[in-house]
Amino acid sequence: MNPQRRRTLKSITQIMGLVSFGGLIWSAYLAEAKDNTQMLFPPAARDNFLSTCIKCGLCVEACPYYTLKLSSSGIKGIPFFTPRDIPCFMCEDVPCVVACPTSALDKNLLLTNNKLDITKARMGVAVVDTFNCIAYAGIQCDACYRACPLIDKAIYLEYKSNTRTGKHALLLPIVANDICTGCGKCEKACVTEIASIKVLKHDQVLGKMGTNYIKGWDKKDEERLETAEPQKKKDSKNHALDYLNEESL
Ligand code: SF4
Ligand code: SF4
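Residues numbered from 1 in each chain as written. Chains lettered and ligands numbered in written order. Predicted model: local features only at pLDDT ≥ 70, side-chain atom pairs only at ≥ 80, totals over all residues. Heavy atoms only, no water.

### Digging into the site of ligand 2
Taken together, C133, I134, A135, C141, A143, C144, P173, C190, V191, T192 and I197 form the complete shell of residues around ligand 2. Grouping the amino acids of the shell around ligand 2 by side-chain chemistry returns 10 nonpolar, one polar and no charged. (Near = heavy atom within 4 Å. Nonpolar A, V, L, I, M, F, W, Y, C, P; charged D, E, K, R; others polar.)

### Here's the deal with the nonpolar core
Among the nonpolar cores identified, the biggest contains 43 residues, and F49, I78, V97, A126, I155 and I197 are the most heavily contacted of them. Listing elements by their share of this core, those giving two or more residues are α2 (49-52), α4 (95-99), β5 (125-128), α5 (143-147), β6 (155-161) and β8 (197-200). Leave out the neighbours within four places in its chain, and I197 touches A126, V127, V128, C144, I155, V175, C186, E187 and C190. (Core = buried A, V, L, I, M, F, W, Y, C linked by side-chain atoms within 4.5 Å. Buried < 20%, exposed > 50% of the residue type's maximum accessible area, 1.4 Å probe, protein only. Helix = DSSP H or I, 4+ residues; strand = E, 2+ residues; numbered from the N terminus. Contact = heavy atoms within 4.5 Å.)

### Thoughts on the pattern of salt bridges
Scanning the model with the defined rule gives two salt bridges in all. Ionic pairing is found between D142 and R146, a salt bridge with its closest N-O pair at 3.0 Å. Taking relative accessible area as the criterion, D142 reaches 22% and is therefore assigned partly exposed. Exposure remark for R146: the relative accessible area of 58% places this residue in the exposed category. A salt bridge links R224 to D221; the shortest N-O distance between them is 2.9 Å. (Salt bridge = Lys/Arg side-chain N within 4 Å of Asp/Glu carboxyl O.)

### Some thoughts on the site of ligand 1
Around ligand 1, the surrounding shell consists of C148, P149, A154, I155, C180, T181, G182, C183, G184, K185, C186 and V199. Here the residues of the shell around ligand 1 are counted per class, giving eight nonpolar, three polar and one charged.

### Here's the deal with unusual backbone geometry
Phi angles above zero are rare outside glycine, and K55 is one such case at about 60 degrees. Mapped onto the secondary structure, K55 falls in the loop between α2 and α3 (58-62). Classification of K55 as partly exposed rests on a relative accessible area of 34%. Even without being a glycine, V94 presents a positive backbone phi close to 40 degrees. One can find V94 in the loop between β2 (79-80) and α4.

### Some details on the environment of T52
Tracing the backbone through its elements, the reader meets T52 in helix α2. Considered as a pair, T52 and A104 are 52 residues apart in the sequence and their alpha carbons are 5.1 Å apart. With residues near it in sequence (within four places) discarded, T52 still touches R46, T102 and A104.

Okay, here's the thing in structure tokens:
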């Protein structure tokens, strides 16, 4: 092989090596970031919390209940909490958010009439495991319901007849997804061996209805009909012909 060709091949191999090494670092970073995204962050954490938090730990120090810890896995130093150990106590003065020197914990997300309102926090959403919750098995339990700081709003009890016994009532805990703050006091209080109510991140739980459906009983939602643009119907016959004429076939 002539020396010029050998040099070219060598530099191509080096570049490919660098690219794949860079790819490895990037995928390791993504794996680490993913680790953190499963965690529950303090109240008012921004959407891009992982990249705006400077890991100073001031929110951790400010929490009077020792709820917050700094992560030792994934991107290290990110504040998070584990409700089954210590939930968020939803302090009215929200000291963790006030202590944050950047806008990683963004006060604006909690403001109502210029005042901090912790009920606007959306740290996650509680989900009931109806298979292991003893209330669904017909045993009386309302521990999670009673523990909730937004009792009868974020969580309420639904009465149902117990078809198994035919004479008792079931008292079932139901979470209102739009009001639950994700504080995790219900998860902490749950009496089952592993909590049958857990707080998860919104994107792990919630679906999206999209704009195709309008709730006729919701005045605000129905107003969308007035501004809705009619959608052009596709000519399915022409579409089929175009498809058949494509060169790729
Ligand atoms: S996480 Fe549980 S305790 Fe906290 S607001 Fe939601 S339902 Fe209530
Ligand atoms: S505390 Fe646990 S077992 Fe009891 S009703 Fe709530 S979820 Fe079910």
